[in-house]
Amino acid sequence: MNLDQYIQLIKAGEIVAFPTETVYGLGADAWNPSAIQKVFETKGRPADNPLIVHISNQDQVFDFVEKIPERAKKLMDAFWPGPLTIVLQKKPKVLDLITAGLDTVAIRMPDHPIAKSFIAQTGPLVAPSANRSGRPSPTKAEHVRADFGAKFPVIDGGATEVGLESTVVDSSGEQIVILRPGKIGLSDLEPVLGEKVAIASKADSEVPKSPGQKYSHYKPQAAVYYGEIDSIMRENLYLVQTDTIGKEKNVINYKGDLIRFSKELYDRFRQADLEGYNSIFIENIDAFSKKAPAYYAALLNRIEKACSNK
Ligand code: TXA
Ligand code: MG
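Residues numbered from 1 in each chain as written. Chains lettered and ligands numbered in written order. Predicted model: local features only at pLDDT ≥ 70, side-chain atom pairs only at ≥ 80, totals over all residues. Heavy atoms only, no water.

## Observations regarding the overall build of the protein
When helices and strands are counted, the protein shows 10 helices and 13 strands. For 310 residues, the compact-globule formula gives about 19 Å, and the C-alpha radius of gyration of the protein, at 19 Å, lands near that figure. With the C-alpha coordinates of the protein rotated into their principal frame, the extents come out at 55 × 50 × 30 Å. Within the span of the protein, comprising 310 residues, buried residues form 55% of the whole. Sequence separation of at least 24 residues holds for 68% of the intrachain contacts in the protein that already meet a minimum separation of 6. (Helix = DSSP H or I, 4+ residues; strand = E, 2+ residues; numbered from the N terminus. Rg over C-alpha atoms; globule rule 2.2 N^0.38 Å. Buried < 20%, exposed > 50% of the residue type's maximum accessible area, 1.4 Å probe, protein only. Contact = heavy atoms within 4.5 Å.)

Below, the structure is given as structure tokens:
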């Protein structure tokens, strides 16, 4: 199929997976309730977990939001298109299906040539990550097909660049709060805003500010362990950062490159399952926190969610 045919599918109320710079999204027309319902059904997603609206130009924000707070406007100008999702007070007409009944709506403008061109022609799309609920987010078209079947409509844009989902910030209060860490971190946001940014505590993110954070996402079938590694066994996969252990086939060394590690993490999880590993051991990444602070925070957040020993 070509892009036009995928656009026609969306217009006909169907759902289509497409690449963004973070992960693949499962797109549906943001104004079509039955299409959005299909997204929840296809993913097996709990109805109380709201969706992100994806747009292709800033004016479209006003279809969903009455007024953009000054802080939010600064973030849009600085980081859109890009991997930043902004939670704003919603207009009453925004479908409750999208917001799970919250009075806020999450919006982002992805920075990916296919996503940009697709959304420019379909209009705003809701798009959760295009995985079955509880599976790692898809970073390749084949991951989407693995979850939803070989015939599922997915626009293939190759491997996604960032590999972890967007940073989600709440701009509906007095201070910007990071609800979900991602590539854009504190040290990117604070200079643009000229003020401090808060990070939602785990307790806060249980209810109701960032509903998605309470679900155990990103879990491969293999058990995931995080910490120090001293010996290796063949039936396990080891994702390491230093040369403390051997160079066997089942040891993948990222040498402290947290950017590449982020890009490949979910693919490694899925590969480990396909190859039948019992466990995945991830070596502690603390030593590299200063080198790439935003990736560090985002990785720890995802690893914790996938972990069996946390
Ligand atoms: O990078 C991404 O954000 C990807 C790509 C496809 O754009 N999308 C994505 O969507 O990760 P999803 O549905 O897997 O995650 C959306 C997150 C969830 O944690 C959800 O709870 C949160 O955004 N969210 C959505 N609307 C919200 C709202 N009104 N208030 C607070 N959190 C919200
Ligand atoms: Mg998701």
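## What to know about the packing of helix α1 (residues 3-11) against helix α5 (residues 113-122)
Any two packed helices are characterised by how steeply their axes cross, that is the angle between the axes, and by the distance between the axes. One can describe the packing of α1 onto α5 by two numbers: an axis separation of 10 Å at closest approach and a directional angle of 45°. Relative to α5, the element α1 lies oblique. For the element pair α1 and α5, the recorded crossing hand is right-handed. For the pair α1 and α5, contact is made by Leu-3, Asp-4, Tyr-6, Ile-7, Ile-10 and Lys-11 and by Ser-117, Phe-118, Gln-121 and Thr-122, respectively. Residues belonging to the contact of α1 with α5 are distributed by class as follows: five nonpolar, three polar and two charged. (Axes fitted to C-alpha atoms, helices over the stretch in contact; angles between N-to-C directions. Parallel < 35°, antiparallel > 145°, perpendicular 65-115°, else oblique. Left-handed = near helix turned anticlockwise from the far one by under 90°. Nonpolar A, V, L, I, M, F, W, Y, C, P; charged D, E, K, R; others polar.)

## A word on the packing of aromatic side chains
Inspection of the entire model under this criterion finds seven aromatic pairs. Here the aromatic rings of Tyr-225 and Phe-281 are separated by 5.2 Å at their centres, their planes lie at 25°, and the arrangement is stacked. Here Tyr-225 is found in strand β10 (residues 223-227), whereas its partner Phe-281 is found in strand β13 (residues 279-283), with 56 residues between them in sequence. Relative accessible area serves as the criterion here: at 28%, Tyr-225 is assigned to the partly exposed category. (Phe/Tyr/Trp six-rings, centres within 6.5 Å; stacked < 30°, edge-to-face > 60°.)

## Some details on α1
Listed in full, the buried residues belonging to α1 are Tyr-6, Ile-7 and Ile-10. Along the axis of α1, the buried residues cluster in a sector spanning 100°; they form a single face. Of the surrounding elements, those touching the buried residues of α1 are β1 (16-18), β2 (25-29), α5 and β6 (125-126). Phi turns positive one or two residues past the end of α1, at Gly-13, with a value near 85°. (Arc of directions from axis to C-beta.)

## Examining the sheet that holds strand β3 (residues 52-54)
In spatial order, the strands read β1-β2-β6-β3-β5-β4-β7-β8-β9; together these nine strands make up an open sheet with mixed pairing. Pairing within the sheet leaves two strands with one partner each, and these edge strands are β1 and β9 (198-199). Taken together, the three bridges between strand β7 (residues 167-170) and strand β8 (residues 177-180) define a ladder with antiparallel strand orientation. Across the sheet, the residue bridging to Asp-170 is Val-177, located in β8. (Pairing = 2+ DSSP bridges.)

## Focus on the sheet that holds β10
Pairing within the open sheet is parallel, and its four strands lie in the order β10-β13-β11-β12. With one partner strand each, in any of the chains shown, β10 and β12 (251-253) form the two edges of the open sheet. Strand-to-strand, the axes of this sheet are offset by a mean angle of 15°, without reference to chain direction. Here four bridges tie strand β11 (residues 236-240) to β13, and the two strands are oriented parallel to one another. Paired with Leu-237 across the strands is Ile-280, a residue of β13.

## Focus: the packing of helix α3 (residues 70-79) against helix α7 (residues 186-193)
Where α3 contacts α7, the two axes come as close as 10 Å, and the packing angle between them is 120°. If you check the angle between α3 and α7, you find them oblique. In this structure, the crossing between α3 and α7 has a hand that is right-handed. Here Arg-71, Lys-74, Leu-75, Ala-78 and Phe-79 of α3 lie close against α7, whose contacting residues are Asp-188, Leu-189, Val-192 and Leu-193.

## A word on the pattern of salt bridges
Inspection of every chain in the model, using the stated rule, returns 17 salt bridges. With a shortest N-O distance of 3.0 Å, Arg-270 and Asp-147 are connected by a salt bridge. Taken together, the positions of Arg-270 in helix α9 (residues 258-274) and Asp-147 in helix α6 (residues 141-148) put the pair 123 residues apart, joining distant regions of the chain. Across the pair, exposure class does not vary: Arg-270 and Asp-147 are buried alike. Here Arg-302 and Glu-165 are joined by a salt bridge, their closest N and O atoms 2.8 Å apart. Of the two residues, Arg-302 is situated in helix α10 (residues 293-306) and Glu-165 in the loop between α6 and β7; the sequence distance between them amounts to 137 residues. For the residue pair Arg-302 and Glu-165, the accessibility class agrees, reading buried in each case. Connected through salt bridges with shared partners, the residues Arg-135, Asp-147, Arg-270 and Asp-273 form a single ionic network. (Salt bridge = Lys/Arg side-chain N within 4 Å of Asp/Glu carboxyl O.)

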